Amino acid sequence: MPRAEPPPPSPSPASSPPPAPSPTTARAAGRGGLAIAVAKVSFILFGFIQQLLLPWLLGVDGYGALSIVLADVSVVNNVIVATGIQGVSRAVASAPPGEVQHAFARALRLHAALAVAVATAFFFAAPHIAAFVKAPHVTLPLQVTSGVILLYGTYAPLVGALNGQRRFIPQAALDIAYGAIRLLAIAAGAILFIRAGHSGVLGATAGFVTAAAIIVPIALLTTGIGKPGHGGTSARDHLAYLLPLAVSQAFLNLLMQTDLNLFRRTVGQAATDLALTGQAADALTGAYRGMQLFSFLPYQLLMSVSFILFPLLAQAHAGGDTDAVRRYTRTGVRIAMLLTGLLCAPIAGLGPHVLRMAFPEEIWTQGGTALRVHALGMGAFAILGIFCAALTSLRRERWTATLTGIAVALVAMGCLYAVPRAPFGPQMLLHSALATGAALTLAALVAAALVRFLVGEVVALAVPLRVVAAVAITIALGTQLPWLGKLLVPLEAALLGAIYLALLTLFGEIGRADLALVKQAFGRRSASRPA
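Residues numbered from 1 in each chain as written. Predicted model: local features only at pLDDT ≥ 70, side-chain atom pairs only at ≥ 80, totals over all residues. Heavy atoms only, no water.

Peer 1: If you had to explain the side chain of Ser89 to someone new, which residues and values would you point to?
Peer 2: One can find Ser89 in helix 1 (residues 23-93). By relative accessible area, Ser89 is classed as buried at 1%. Polar contacts involving the side chain of Ser89 include one to the main-chain amide nitrogen of Gly164, which spans 3.4 Å. (Helix = DSSP H or I, 4+ residues; strand = E, 2+ residues; numbered from the N terminus. Buried < 20%, exposed > 50% of the residue type's maximum accessible area, 1.4 Å probe, protein only. Polar contact = N/O pair within 3.5 Å; in protein donor to acceptor, adjacent residues only side chain to side chain.)

Rendered as structure tokens:
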């Protein structure tokens, strides 16, 4: 489902802020938080542009093949990134002032060793991964991307060290720079290899490795490598912290990539049975990935709610403030539902138009109808992500990991049942979208029940009913909008978004209190500034 790389991390909660920060400290924290937010948006934007360029550079079949490579390496690579950043950030933030550099050096050595081991294992597993997805021609590109795992195993701890020292502006600068470098390197690699008569997919993966090789020394110049010494947590304690985090991240990333991998496996087998080439299966996979790019936007953007709200939930839970826990949970879930509808309804309503605006004809003609369904399924995934963030904030990490693992199994079973029953072509995309959406909706309902068990009623029943009604009407209107050209698609989407909000206002879901909240969030806050 998602992109191949995670966004830059939010400031780590490993170290609690002082009870009464000075105005200078507060301003510095505000600038750091703003820098991280800009880095997040920039990272998503660079990745989005990259995905829009690749079908035109590689062809739809090459785009499909590369999508499988990036999806499979991301399952492993994102675990390396998450554990590297969070693990080192925690080690550095919890070390006494005189031992920070010792703790950093110790953690960096451990993560570098883990990266070597994992990258080596992935290199030798690549042929088996390619065979599983019925795409043996991606074996070499997969092996090349093991270099990304190795390099990220160094880069992520360096970012984690900046995060743990609350050096958020250098951290954000690195991530923005890397996003731009990666975009240029992947595009340049694809173009150079194609002009030389080689595989554009291989060139793109070589560019990916090159980008990682460029950013690592830049990061080292920013952070250094620490100092030898005995400070910091022991390797055993550090690994004990990393293990549950790695398991949770592995389940999350498997969930994000299961449908694409099983789709490629199924269409690859179908192409073989029909005596078609592997390019036919890759092209269909490219259409599916293009559809995913837009349908996954609600999840990517909605996670900003968890970065802002759920640290407050975790703080309230730690302090035993049950009223605040209920209030923050209800607020977060309601906002998530309203925003999910706002993002999903225009995408689903304008499905074929959205793809036609961005991609070659082979993608929008095959994936347009399926996008209408898949966008709604990813809306359920966004809600699931919010509930999982709430469970994690309530110190129920094992529940979150278990629920994510169950969701992976549900998606896998649904895709393995539904997709092979469709004829080769666009119907396979539609069946996969239906199966994935149904599985994620069920998982979101289970997550809602778990949160309700912990904190009581999560949200009034009228809220989802009003949102569903507004979404349904907006989508119905969107399907009637004609194709007016690429430049007018964003305006049509804005019109549908306005209709959705107007319907919620008409239904009584949005009122003066919401407008006051918006003014408070975006208005001038001079009253809160020190005199």
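Peer 1: Can you explain helix 13 (residues 397-418)? Please cite residues and give values.
Peer 2: Here helix 13 spans 31 Å end to end across 22 residues, near enough to the 32 Å set by a 1.5 Å rise per residue. Among the residues of helix 13, Thr400, Ala401, Leu403, Thr404, Gly405, Ala407, Val408, Val411, Ala412, Gly414, Cys415 and Ala418 are the ones counted as buried. Looking at the buried positions of helix 13, the neighbouring elements they touch are helix 7 (235-273), helix 12 (361-393) and helix 14 (426-455). (Expected span 1.5 Å × (residues − 1). Contact = heavy atoms within 4.5 Å.)

Peer 1: Go over the packing of helix 4 (residues 146-164) against helix 6 (residues 200-223) with me, naming the residues and quoting the values.
Peer 2: Where helix 4 meets helix 6, the axes come as close as 9 Å, and the angle between the chain directions of the two elements is 30°. Regarding the angle of helix 4 to helix 6, the classification is roughly parallel. Judged by the sense of rotation from one axis to the other, the crossing of helix 4 with helix 6 is left-handed. Contacts between helix 4 and helix 6 pair Gly147, Val148, Leu151, Tyr152, Thr154, Tyr155, Leu158 and Leu162 from the former with Phe208, Val209, Ala212, Ala213, Ile215, Val216, Ala219, Leu220, Thr222 and Thr223 from the latter. The residue makeup of the contact of helix 4 with helix 6, split by class, is 14 nonpolar, four polar and no charged. (Axes fitted to C-alpha atoms, helices over the stretch in contact; angles between N-to-C directions. Parallel < 35°, antiparallel > 145°, perpendicular 65-115°, else oblique. Left-handed = near helix turned anticlockwise from the far one by under 90°. Nonpolar A, V, L, I, M, F, W, Y, C, P; charged D, E, K, R; others polar.)

Peer 1: Help me get a handle on a nonpolar patch on the surface, residues and values and all.
Peer 2: A cluster of nonpolar side chains, Leu243, Val247, Phe251 and Leu254, forms an exposed patch at the surface whose accessible area comes to about 320 Å². Take Val247: it is sitting in helix 7. (Patch = residues over 30% accessible without salt bridge, like charges linked within 9 Å, V, L, I, M, F, W, Y side chains within 5 Å. Areas by Shrake-Rupley, 256 points an atom, 1.4 Å probe, with all protein chains shown as cover. Salt bridge = Lys/Arg side-chain N within 4 Å of Asp/Glu carboxyl O.)

Peer 1: Describe in detail the packing of helix 4 against helix 5 (residues 168-195), supporting the description with residues and values.
Peer 2: Between helix 4 and helix 5, the shortest axis-to-axis distance is 8 Å and the interhelical angle comes to 150°. The orientation of helix 4 relative to helix 5 falls into the category roughly antiparallel. Of the two possible hands of crossing, helix 4 and helix 5 adopt the one that is left-handed. The segment helix 4 lies against helix 5, with Tyr152, Tyr155, Val159, Leu162 and Asn163 engaging Phe168, Pro170, Gln171, Leu174, Asp175 and Tyr178. Residue composition of the contact of helix 4 with helix 5, by class: eight nonpolar, two polar and one charged.

Peer 1: How would you sum up the nonpolar core? Please name residues and give values.
Peer 2: Core analysis: the largest hydrophobic core is formed by 136 residues, its most contacted members being Tyr178, Phe294, Phe381 and Leu384. Counting residues per element, this core draws most heavily on helix 1, which supplies 19 residues. When residues of this core are assigned to domains, at least three fall in each of domain 1 (35-233) and domain 2 (244-519). Once you skip the residues sitting within four places of it in the chain, Phe294 turns out to touch Phe48, Leu52, Ile347, Val354, Leu355, Met357, Ala358, Phe359 and Leu371. (Core = buried A, V, L, I, M, F, W, Y, C linked by side-chain atoms within 4.5 Å. Domains from an automatic or database assignment.)

Peer 1: Account for the packing of aromatic side chains, naming residues and giving values.
Peer 2: Counted according to the given criterion, the structure contains 13 aromatic pairs. Plain terms: the ring middles of Tyr63 and Phe359 are 6.2 Å apart, the flat faces sit at 35° to each other, and that makes the pair tilted. Residue Tyr63 is located in helix 1, and its partner Phe359 is located in the loop between helix 11 (351-358) and helix 12; the two are separated by 296 residues in the primary sequence. Across this residue pair, the class does not change: Tyr63 and Phe359 are buried. An aromatic cluster is present here, built from Phe48, Tyr63, Phe294 and Phe359 joined pairwise through their rings. Sitting above the plane of the Tyr417 ring, Arg421 keeps its charged end 4.0 Å from the centroid. (Phe/Tyr/Trp six-rings, centres within 6.5 Å; stacked < 30°, edge-to-face > 60°. Lys NZ or Arg CZ within 6 Å of the ring centre and 35° of its normal.)

Peer 1: Talk me through unusual backbone geometry; I want residue IDs and the actual numbers.
Peer 2: Non-glycine residue Lys134 carries a positive phi angle of around 60°. Inspection of the secondary structure assignment puts Lys134 in the loop between helix 2 (100-132) and helix 3 (139-144). On the basis of relative accessible area, Lys134 is assigned to the partly exposed category, the value being 31%. Backbone geometry at Ala275 places phi at a positive 60°, although glycine is not the residue there. Along the polypeptide, Ala275 turns up in the loop between helix 7 and helix 8 (278-295). For Ala275, a relative accessible area of 70% corresponds to the exposed category.

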